[in-house]
Amino acid sequence: MKKMNKTSIDVRIFFVAALVYATCGCVKYDNFNITEKPYVDKSSVELYIGEGAGSRNQVQLKSAPEGNNFTWTSQDPSIASVSQSGLVTALNEGFAVITLASASDQTNVNVWVRTWVPLVDFTLDKQQVEVKRLDKIQVVASPVPQNASEMQITWTSSNPAVVAVYENGWIVGNEIGEAVVTATSSDGKQRQLTVSVVPAVERFTITAANIPGYQAGVNAATIGYSSQHGGYVVLNMFDGNITTFWHANYAAPVSNYPHWFIVDLRRSVVITKLMIQRRQTFISAKGFYFYTCPDVEVNQNDPLNGYQWVLQGDMSYDPLSNAEQYFEFDPIQARYVCIYFDTKHKEATAPNNYIQLAEFGIYGY
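Just so you know, these numbers come straight off a predicted model, no measurement behind them.

Thoughts on the overall build of the protein
Consideration 1: Tallying secondary structure elements over the protein gives 1 helix and 25 strands in all.
Consideration 2: By the compact-globule yardstick of 21 Å for 365 residues, the protein is too spread out, its C-alpha radius of gyration being 41 Å.
Consideration 3: When the backbone C-alpha atoms are referred to their principal axes, the protein occupies close to 120 × 90 × 40 Å.
Consideration 4: Classification of the 365 residues of the protein by burial places 41% in the buried group.
Consideration 5: In the protein, once contacts between residues fewer than 6 apart in sequence are set aside, the share between residues at least 24 apart is 65%.
Consideration 6: Roughly 20,400 Å² of accessible area belongs to the protein as shown, and the carbon and sulfur atoms make up 52% of that amount.
Consideration 7: Treating the 26 positive side-chain charges of the protein as one cloud and the 33 negative ones as another, the clouds have centres 12 Å apart.

Structure representation (structure tokens):
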């Protein structure tokens, strides 16, 4: 047998002592109380009594873990009873608590019992709807009587490509056109409404590319405008900033009425509205002629006569107002717009013959 040396004996004595110390020195913890917690698939239910309640008079609750010896109890059996399989039956109006108990724990289920009120009819809050393309609107269905216990409505569209309809009466305009939306209750009652999808009107973005022959810093007339002065260029009317403005040329040769500008929208559009806003606190014109030209070949070397201009109106506005002023009209199909300030449009109290405008907007789709 191999003889141990003193070092080996000392090491073994150290580990034995450490083990004894660790065992004796452990903190003593209280034992955990582990219970058998039952689970139920619902925390609350609503049941009905009376004529028409049908299967809504009962509900089958499920417990877990399966196979355990749990006990079902109703804390108010006059309101709702429960079988040992978890079948709850409504008996009278009121509130009851159903308890599922193990030997050491329990779970409660709240049960409300109400008298069934049948749906007699329903109404819609709209009979005709106009919605913008790619926008949405909700149609609300209301039960008759108002306290009906349940109202299940199915929504359908006669043309989903134009009008889509979703749960709770949400209607979405997919394409310009018209469709009929039908609401149908679970017992077959129906209500209908007509939905018209209209274009989403927007303010067209105008840049230098939309003003024929635009030249920054050039005061003289070009194809697209009668004149401008220095930094007070035509494009200032389309920048959304009322502190910048278009000012006709007031250097030699000094401009005079008529003043005008042309906008090329670069494609055939539908125009529905115009907006004008004067240079703040400055008086110049009180109206203008509004011309349009369709998407046809034009002679841009002759801006006033080289287009097939159609006079759409002689527009008047308040020359003393700093606010935006709008002009709405029936939709006009066009590509080119000409705004022409004739001599007759000069405001009598204007201090000079120059046109000065802060903003001009063209709206459509």
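Considering the environment of D330
Consideration 1: Within the secondary structure, D330 is located in strand 24 (residues 325-341).
Consideration 2: Distance from D330 to I271, taken between C-alpha atoms, is 8.3 Å for residues 59 residues apart in sequence.

Things to note about the sheet that holds strand 5 (residues 71-74)
Consideration 1: Spatial strand order, 2-9-8-5: 4 strands in an open sheet with mixed pairing. The outermost strands of the open sheet, each flanked by one partner alone, are strand 2 (44-49) and strand 5. Each strand axis lies, on average, 25 degrees off the axis of its neighbour in the sheet, ignoring direction.
Consideration 2: Where strand 5 meets strand 8 (residues 94-101), 4 bridges bridge the pair, whose relative direction is antiparallel. In the sheet register, W72 faces strand 8, and the bridge partner there is L100.

Side note on the nonpolar core
Consideration 1: Counting residues in each nonpolar core, the largest one holds 37 residues, and the members touching the most others are F261, L274, F288, F341 and F360.
Consideration 2: Counting only elements with at least two residues in this core, the list comes to strand 21 (259-278), strand 22 (287-293), strand 24 and strand 25 (356-364).
Consideration 3: When near neighbours in sequence (up to four residues on either side) are disregarded, F261 contacts G224, Y225, V234, M237, F238, W246, V337, C338, I339, F341 and F360.
Consideration 4: Within the second largest apolar cluster, 19 residues are counted, among which are I49, F70, L100 and V109.

Remarks on the packing of aromatic side chains
Consideration 1: Following the criterion strictly, the structure yields 19 aromatic pairs and no others.
Consideration 2: For the pair F288 and F327, a centre-to-centre distance of 5.4 Å together with 80 degrees between the ring planes defines the contact as edge-to-face. One end of the pair, F288, is in strand 22; the other, F327, is in strand 24, with 39 residues separating them in the sequence.
Consideration 3: Judged by its relative accessible area of 9%, F327 falls in the buried class.
Consideration 4: Centre to centre, the rings of F290 and F329 are 5.3 Å apart; their planes meet at 40 degrees, and the pair counts as tilted. Placement of the pair is F290 in strand 22 and F329 in strand 24, with a sequence separation of 39 residues.
Consideration 5: The exposure class of F290 is buried, given its relative accessible area of 0%.
Consideration 6: An aromatic cluster of at least three residues, connected via ring pairs, comprises F238, W246, F261, F288, Y317, F327, F341 and F360.
Consideration 7: One Lys or Arg, K273, reaches over the ring of Y363 and ends 4.7 Å from the middle of that ring.

Focus: the side chain of R279
Consideration 1: Relative to the assigned elements, R279 resides in the loop between strand 21 and strand 22.
Consideration 2: E359 provides the closest opposite charge to the buried, unpaired R279, separated from it by 12 Å.
Consideration 3: Ignoring any residue separated from it by four or fewer positions in sequence, one finds R279 in contact with F245, H247, N322, Q356, L357 and A358.

So, the environment of V233
Consideration 1: For V233, the location among the structural elements is in the loop between strand 19 (202-203) and strand 20 (246-247).
Consideration 2: Measuring from C-alpha to C-alpha, the distance between V233 and V254 comes to 15 Å, with 21 residues separating the pair along the chain.
Consideration 3: For V233, the residues in contact, after removing those within four places along its chain, are Y214, G217, Q228, F245 and W246.

Quick notes on the pattern of salt bridges
Consideration 1: Counted by the stated rule, this structure contains 13 salt bridges.
Consideration 2: In this structure, the salt-bridge partner of D187 is K189, at a minimum N-O distance of 2.5 Å.
Consideration 3: Among the residues examined, D187 registers a relative accessible area of 41% and is labelled partly exposed.
Consideration 4: On the accessibility criterion, K189 (27% relative accessible area) is partly exposed.

Regarding the sheet that holds strand 3 (residues 58-60)
Consideration 1: Read from one edge to the other, the open sheet built from 3 strands follows the order 3-7-6, with strand pairing classed as antiparallel. Edge strands, defined here as strands with exactly one partner in the open sheet, are strand 3 and strand 6 (80-82). Averaged over all pairs of adjacent strands, the angle between strand axes in this sheet comes to 15 degrees, irrespective of strand direction.
Consideration 2: For strand 3 and strand 7 (residues 87-90), the ladder comprises 3 bridges, and the chain directions are antiparallel. Bridge pairing in strand 7 links Q60 to L87.

Quick look at the environment of T184
Consideration 1: Note that T184 resides in strand 17 (residues 177-185).
Consideration 2: Once the C-alpha coordinates of T184 and V129 are considered, the two residues, 55 residues apart in sequence, prove to be 18 Å apart.
Consideration 3: The contact partners of T184, leaving out residues within four places of it in the chain, are F122, Q152, I153, T154, K189 and Q190.

Each value, and the rule that gives it
Residues numbered from 1 in each chain as written. Predicted model: local features only at pLDDT ≥ 70, side-chain atom pairs only at ≥ 80, totals over all residues. Heavy atoms only, no water. Helix = DSSP H or I, 4+ residues; strand = E, 2+ residues; numbered from the N terminus. Rg over C-alpha atoms; globule rule 2.2 N^0.38 Å. Buried < 20%, exposed > 50% of the residue type's maximum accessible area, 1.4 Å probe, protein only. Contact = heavy atoms within 4.5 Å. Areas by Shrake-Rupley, 256 points an atom, 1.4 Å probe, with all protein chains shown as cover. Lys, Arg positive; Asp, Glu negative; His and termini not counted. Charge placed at Lys NZ, Arg CZ, Asp CG, Glu CD. Pairing = 2+ DSSP bridges. Axes fitted to C-alpha atoms, helices over the stretch in contact; angles between N-to-C directions. Core = buried A, V, L, I, M, F, W, Y, C linked by side-chain atoms within 4.5 Å. Phe/Tyr/Trp six-rings, centres within 6.5 Å; stacked < 30°, edge-to-face > 60°. Lys NZ or Arg CZ within 6 Å of the ring centre and 35° of its normal. Salt bridge = Lys/Arg side-chain N within 4 Å of Asp/Glu carboxyl O.

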